[in-house]
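# Chain and residue survey
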Amino acid sequence: MTTPSVQRSGPASSRTTAPAGAAVPAPSGPDPRLTSAVMADYRGCFGCGEEAAGGLRLRRTGVDDGAVTAEFDVRAELQGAPGLAHGGVLATAMDEVLGTAAWLLGKRYVTGRLETDYLAPVPVGSTVHLRAWCTGVDGRKAYLEGEGRVGGPDGPVAVRAAALFVEVPEEHFTRERVKHGHSTKERAN
Ligand SMILES: CCCCCCCCCCCC(=O)SCCNC(=O)CCNC(=O)[C@H](O)C(C)(C)COP(=O)(O)OP(=O)(O)OC[C@H]1O[C@@H](n2cnc3c(N)ncnc32)[C@H](O)[C@@H]1OP(=O)(O)O
């Protein structure tokens, strides 16, 4: 029996690769019509929320050459294997920065598919420097790619991801809220 050779040329499968000819918009900023009620709930976001005590507390740092940038610190409670960041934590960080890049296209998006490659161990105590960019939009589907580096913004790539985000209407969020009895007001009190 022959052992198949390892293919590590890139994270994107056919489901996360933009079709040929798809437009590649630059990040511009959130559409002001996105309601403050939805945005206010990000205070509790596991990825970036300042009120999510056990969360990643990812910091968005800007937009650089068409890519959204962010960073987060691998605190001790984010450990998986001894001394190393949990793989799910790194996938969450990628989801967060890819999601930010999607929302900066000016519409509401949710993750439909997320693919992650782990290329190098990420030590507890390190800062992960993240970038994410859009590779194409095709109707409701937005294709994004990203990477996380350790040892500085120009350090080696430790994690890489590709994702498909799907545009949703505002009701996507409000109908779940109504169904489960949550509201922004309740959370604030
Ligand atoms: C400053 C800003 C701060 C804000 C910063 C915000 C950062 C947030 C970061 C976190 C983001 C998240 O984690 S979001 C939470 C995790 N994700 C979710 O909860 C989503 C759960 N899933 C869903 O609600 C649904 O499955 C949807 C909305 C994704 C799709 O449902 P739908 O609306 O009925 O649409 P549907 O027809 O199924 O799909 C539309 C098209 O997408 C394709 N499609 C859908 N899912 C997939 C898939 N997994 N793989 C391949 N393709 C897919 C379909 O084939 C179809 O293609 P075609 O036939 O049109 O060609």
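Scoring rules and cut-offs
- Residues numbered from 1 in each chain as written.
- Predicted model: local features only at pLDDT ≥ 70, side-chain atom pairs only at ≥ 80, totals over all residues.
- Heavy atoms only, no water.
- Helix = DSSP H or I, 4+ residues; strand = E, 2+ residues; numbered from the N terminus.
- Buried < 20%, exposed > 50% of the residue type's maximum accessible area, 1.4 Å probe, protein only.
- Contact = heavy atoms within 4.5 Å.
- Expected span 1.5 Å × (residues − 1).
- Core = buried A, V, L, I, M, F, W, Y, C linked by side-chain atoms within 4.5 Å.
- pLDDT = per-residue confidence, 0-100.
- Salt bridge = Lys/Arg side-chain N within 4 Å of Asp/Glu carboxyl O.
- UniProt positions renumbered as here; feature names shortened; annotations may be inferred.

### A few points about the overall build of the chain
- The number of helices and strands found in the chain is four helices and six strands.
- Starting at the N terminus, the α and β elements of the chain follow one another as α-β-β-α-β-β-β-β-α-α.
- Out of the 189 residues belonging to the chain, those deemed buried represent 39%.
- When contacts within the chain are restricted to residue pairs at least 6 apart in sequence, long-range pairs at least 24 apart make up 65% of them.

### Observations concerning helix α2 (residues 87–103)
- With 17 residues, α2 extends 24 Å between its outermost C-alpha atoms, agreeing within 8% with the 24 Å of an ideal straight helix rising 1.5 Å per residue.
- Within α2, 13 of the 17 residues are buried, which leaves the element mostly enclosed by the surrounding structure.

### Here we look at the nonpolar core
- Core analysis: the largest hydrophobic core is formed by 35 residues, its most contacted members being Phe 72, Leu 98, Val 122, Val 128, Leu 130, Leu 144 and Phe 165.
- Listed by contribution, the elements that provide at least two residues to this core are β2 (67–73), α2, β4 (127–138), β5 (141–150) and β6 (157–167).
- Top contributing element to this core by residue count: α2, with nine residues.
- Residues within four places of Leu 130 in sequence aside, it is in contact with Leu 58, Val 68, Thr 69, Ala 70, Glu 71, Phe 72, Ala 93, Met 94, Val 97, Glu 147 and Gly 148.

### Thoughts on the confidence of the model for the chain
- Here the chain shows a mean pLDDT of 87. Residues at 70 or above account for 83%.
- β5 holds the highest mean pLDDT among the elements of the chain, 98, whereas helix α4 (residues 184–188) holds the lowest, 45.
- Residue range residues 1–7 is modelled with pLDDT below 50. Its contacts to residues more than four positions away, or to other chains, number zero contacts.
- Confidence over residues 184–189 falls short of pLDDT 50; this stretch has seven contacts with residues more than four positions distant or in other chains.

### Observations regarding the environment of Ala 52
- One can find Ala 52 in the loop between α1 (36–40) and β1 (59–64).
- Separated by ten residues in the primary sequence, Ala 52 and Tyr 42 place their C-alpha atoms 9.4 Å from one another.
- If we skip the residues at most four places from it in the chain, Ala 52 touches Arg 43, Gly 44, Cys 45, Phe 46 and Arg 57.

### A closer look at the pattern of salt bridges
- With the rule as written, the count across this model stands at ten salt bridges.
- Taking the shortest distance from any N to any O, the salt bridge between Arg 59 and Asp 73 comes out at 3.1 Å. Remark: Asp 73 occurs in strand β2 and Arg 59 occurs in strand β1; sequence separation between them is 14 residues.
- Exposure remark for Arg 59: the relative accessible area of 33% places this residue in the partly exposed category.
- On the accessibility criterion, Asp 73 (31% relative accessible area) is partly exposed.
- Measuring nitrogen to oxygen at the nearest pair gives 2.9 Å for the salt bridge that ties Glu 115 to Arg 113.
- The class of Arg 113 is partly exposed, set by a relative accessible area of 28%.
- One network of salt bridges, in which partners are shared, links Arg 59, Glu 71 and Asp 73.

### Points about the UniProt feature "domain: Thioesterase" (unreviewed entry) in the chain
- If you check UniProt for "domain: Thioesterase" (unreviewed entry), the listed places come out as residues 83–150 in our numbering.
- The straight-line gap between the two end C-alpha atoms of residues 83–150 is 15 Å; of that span, 25% is helix and 47% is strand.

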